[in-house]
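# Residue-level structure breakdown
Listed here are the chains, written in short residue letters.
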Amino acid sequence: RIPKILAEQAQKDWLIWHYTNEEYGHWKYCTGCGQHKLAHPLFFARNSSKDGYYSRCKTCKAAASRKAKK
């Protein structure tokens, strides 16, 4: 389990570095946590909105879902 977590975090770190330094990426504001995150399927779920992603990041959506189930 630990290597999978490390691999996922390394992939996220590389994506952020790549789209910040090498290529201009599309960044999106999360209405849940208030952070700007890379508009990429690793951070935002797909949607049929204009830019193709939900307004909340996956982390915030999961937290809201867990809270609603309680």
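For the structure given in this document, a descriptive report is provided here. (Residues numbered from 1 in each chain as written. Predicted model: local features only at pLDDT ≥ 70, side-chain atom pairs only at ≥ 80, totals over all residues. Heavy atoms only, no water.)

Relative to the helices and strands, His-26 is located in the loop between helix H1 (2–22) and strand S1 (27–29). For the pair His-26 and Lys-37, spaced 11 residues apart in the sequence, the C-alpha separation amounts to 8.7 Å. Excluding residues within four positions of it along the chain, His-26 makes contact with Lys-37, Leu-38, Ala-39 and Asp-51. (Helix = DSSP H or I, 4+ residues; strand = E, 2+ residues; numbered from the N terminus. Contact = heavy atoms within 4.5 Å.)

Within the secondary structure, Lys-28 sits in strand S1. Engagement of the side chain of Lys-28 in a polar contact is seen with the side chain of Asp-51, the distance being 2.6 Å. Once residues within four sequence positions are removed from consideration, Lys-28 is found in contact with Gln-35, His-36, Lys-37, Ala-39, Phe-44, Asp-51, Tyr-53, Tyr-54 and Ser-55. (Polar contact = N/O pair within 3.5 Å; in protein donor to acceptor, adjacent residues only side chain to side chain.)

A word on the packing of aromatic side chains. Scanning the model with the defined rule gives one aromatic pair in all. Ring geometry for Phe-44 against Tyr-53: centres 6.4 Å apart, planes inclined by 55 degrees, an arrangement best described as tilted. By the burial criterion, Phe-44 is buried, and Tyr-53 matches it. Here the guanidinium or amino end of Lys-61 rests over the ring plane of Tyr-54, the centre of that ring lying 3.9 Å away. (Phe/Tyr/Trp six-rings, centres within 6.5 Å; stacked < 30°, edge-to-face > 60°. Buried < 20%, exposed > 50% of the residue type's maximum accessible area, 1.4 Å probe, protein only. Lys NZ or Arg CZ within 6 Å of the ring centre and 35° of its normal.)

Quick look at the pattern of salt bridges now. According to the stated counting rule, one finds one salt bridge in the structure shown. The partner of Lys-28 in a salt bridge is Asp-51, and the shortest N-O contact between them spans 2.6 Å. Placement of the pair is Lys-28 in strand S1 and Asp-51 in the loop between strand S2 (36–38) and helix H2 (58–69), with a sequence separation of 23 residues. (Salt bridge = Lys/Arg side-chain N within 4 Å of Asp/Glu carboxyl O.)

Residues Leu-15, Cys-30, Leu-38, Ala-39, Phe-43, Phe-44, Tyr-53, Cys-57 and Cys-60 constitute the largest nonpolar core, which totals nine residues. Each residue touching Phe-44, except ones within four places of it in the same chain, is listed here: Lys-28, Cys-30, Lys-37, Leu-38, Ala-39, Tyr-53, Tyr-54, Ser-55, Arg-56, Cys-57 and Lys-58. (Core = buried A, V, L, I, M, F, W, Y, C linked by side-chain atoms within 4.5 Å.)

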